[in-house]
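Here is what each chain is made of, one letter per residue.
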Amino acid sequence: MPPGVPRQATGPGRVREWVPDGPLDLGLVLGPLRRGPGDPTFRATPDGSVWRTSLTPAGPGTLRVCAYGGGVRGEAWGPGAGWLLEGLPELLGAADDPSAFVPRHRLLASARHRRPGLRLTRSGLVLESLIPSILEQKVTADEAYRAWRLLVRKFGEPAPGPAPARMYVMPDPRTWALIPSWEWHRAGVDNKRASTILRAVRVAARLEQAVGMEPGAARARLELVPGVGPWTSTETVQRSHGAADEVTVGDLHLPGIVGWALAGDRDADDAAMLELLEPYAGQRHRAARLILLSGRVPARRAPKMPRWDIGQL
């Protein structure tokens, strides 16, 4: 926490308990919301709890989720506490239907059997997934995670409640819009990605309304923002909507991974990937997640993409 910034109240938060209708693995469900090991908006603690912060329509909030027996306990702090607890079941996959997935490959049947607690999260928030997805465009994951970490810690606000140290709530749209150009540069964010984020936060209210749309319509609205393409819009609605059928296209690695897992084709492109996933229409994103969780990936043939830190220029 920056010097001089007092930690917010650490008293008891608001509590909600919820019992899912089947197995639930907190790490698998909430893991896609984590942007790297140092994400200041997400923390998994040794006691099995998952902490996350969000900028909700009611204001900033901190949520702690822990599983016990067959149930889940959520505790929340800050102005957004009520909103976070109201959305707790959907965050943990209550709107998802894992039974709709019918495996047609032995690999996927095995992966589903070994991961019975996989459900698709629905955060109900667009901007908190859109901005880090924009940061991940055309760079390594490490570069994007570093940029997210630096910008949220510098321009966000300390997490309400007794959150673990160095947890922050992401900045609000106006704060994103006022970040100076040199701070984007120091965080390693080029002008193209920074400009896309600035265009997005100027229409933040319209973008957040997309959470009430079907995933396809929501993606279409996001893609009206110059710089937001199919890859970025899909990565967003997978998290904000829990979109079971929105499979990511335009990814550097995913087509080869899916091609290798289902057909032994490490050179598969987007078209080949979509053809292989066609039997899972309606559940293609879940199929891709299970493939990634199976660990069946082709051996690397080339060095990692080099990391360029423009902040050093």
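Right, let's walk through the structure included here. What you see is a predicted model, and the numbers here were worked out from it, not measured in a lab.

## Thoughts on the sheet that holds strand 1 (residues 14-18)
In spatial order, the strands read 1-5-4-3-2; together these five strands make up an open sheet with antiparallel pairing. In the strand order of this sheet, the two ends are held by strand 1 and strand 2 (42-44), each with one partner. Here the strands of the sheet are splayed against their neighbours by 20 degrees on average, with no regard to which way each runs. By the bridge criterion, five bridges tie strand 1 to strand 5 (residues 71-77) in an arrangement that is antiparallel. What sits directly across from R14, in strand 5, is A76.

## Quick word on the side chain of S233
Note that S233 resides in helix 12 (residues 230-240). In contact with S233, other than residues within four places in its own chain, are R219, L222, E223 and V228.

## Looking at helix 12
The element helix 12 is largely enclosed, with a buried count of ten among its eleven residues. Contacts from the buried residues of helix 12 go to helix 5 (127-135), helix 11 (215-222) and helix 15 (284-294). Immediately beyond the C-terminal end of helix 12, within one or two residues, lies G242, with a positive phi of roughly 60 degrees.

## A few points about the pattern of salt bridges
With the rule as written, the count across this model stands at 14 salt bridges. Measuring nitrogen to oxygen at the nearest pair gives 3.2 Å for the salt bridge that ties R219 to E246. Remark: E246 occurs in the loop between helix 12 and helix 13 (254-263) and R219 occurs in helix 11; sequence separation between them is 27 residues. For E246, a relative accessible area of 15% corresponds to the buried category. Overlapping salt bridges bring together K154, E183 and R186 as one network.

## Re helix 5
When you tally the buried positions in helix 5, you get nine out of nine residues, the bulk of the element. Three or more residues of helix 5 are buried, namely L127, E128, S129, L130, I131, P132, S133, I134 and L135.

## Describing the pairing of strand 5
Burial runs high along strand 5: six of the seven residues are buried. Two strands pair when backbone bridges link them, and strand 4 (residues 59-68) and strand 5 are joined in this way by seven bridges, in the antiparallel orientation. Across the sheet, residue Y68 finds its bridge partner in strand 5, namely G71. Linking strand 4 back to strand 5 in an antiparallel pair, the connection comprises two residues, with G69 at a positive phi of about 55 degrees.

## Points about the packing of aromatic side chains
If you walk through the whole model with that rule in mind, you get four aromatic pairs. Relative to W77, the ring of W51 lies with its centre 5.5 Å away and its plane at 10 degrees, an arrangement referred to as stacked. Of this pair, W51 sits in strand 3 (residues 50-56) while W77 sits in strand 5, and the two are 26 residues apart along the sequence. One exposure class covers both W51 and W77, and it is buried. Taken together, a centroid distance of 6.0 Å and an interplanar angle of 25 degrees make the contact between W176 and W184 stacked. Looking at W176, the relative accessible area reads 0%, which means it is buried. Members of the aromatic cluster, each reached through a chain of ring pairs, are W148, W176 and W184.

## Thoughts on the environment of E208
Locating E208 in the fold gives a position in helix 10 (residues 204-208). Between the C-alpha atom of E208 and that of G71, which follows or precedes it by 137 residues, the distance is 30 Å. Excluding residues within four positions of it along the chain, E208 makes contact with L125, V126 and L127. At 3.0 Å, the side chain of E208 and the backbone nitrogen of L127 are in polar contact.

## Describing the environment of Q283
Within the secondary structure, Q283 is located in the loop between helix 14 (270-277) and helix 15. Counting along the chain gives 185 residues from Q283 to P98, while the straight-line C-alpha distance between them is 9.1 Å. Apart from residues no more than four positions distant in its own chain, Q283 is found in contact with D97, A100, F101, A244 and D245.

## Some remarks on unusual backbone geometry
Of note in this structure, K138 is not a glycine but carries a positive phi near 60 degrees. Topologically, K138 is positioned in the loop between helix 5 and helix 6 (141-155). Although it is not a glycine, R166 adopts a positive phi angle of roughly 65 degrees. Residue classification places R166 among the partly exposed positions, given a relative accessible area of 42%.

## Some thoughts on the nonpolar core
Core analysis: the biggest nonpolar cluster contains 32 residues, and W176 and W184 have the highest contact counts within it. Within the residue set of this core, elements represented by two or more residues are helix 5, helix 6, helix 9 (191-202), helix 10 and helix 11. Excluding residues that lie within four positions of it along the chain, W184 makes contacts with L151, W176, I179, V189, A194, I197 and L198. Grouped together as the second largest cluster of nonpolar side chains are 19 residues, I257, M273, A287 and L293 included.

Calculation notes
- Residues numbered from 1 in each chain as written.
- Predicted model: local features only at pLDDT ≥ 70, side-chain atom pairs only at ≥ 80, totals over all residues.
- Heavy atoms only, no water.
- Pairing = 2+ DSSP bridges.
- Helix = DSSP H or I, 4+ residues; strand = E, 2+ residues; numbered from the N terminus.
- Axes fitted to C-alpha atoms, helices over the stretch in contact; angles between N-to-C directions.
- Contact = heavy atoms within 4.5 Å.
- Buried < 20%, exposed > 50% of the residue type's maximum accessible area, 1.4 Å probe, protein only.
- Salt bridge = Lys/Arg side-chain N within 4 Å of Asp/Glu carboxyl O.
- Phe/Tyr/Trp six-rings, centres within 6.5 Å; stacked < 30°, edge-to-face > 60°.
- Polar contact = N/O pair within 3.5 Å; in protein donor to acceptor, adjacent residues only side chain to side chain.
- Core = buried A, V, L, I, M, F, W, Y, C linked by side-chain atoms within 4.5 Å.

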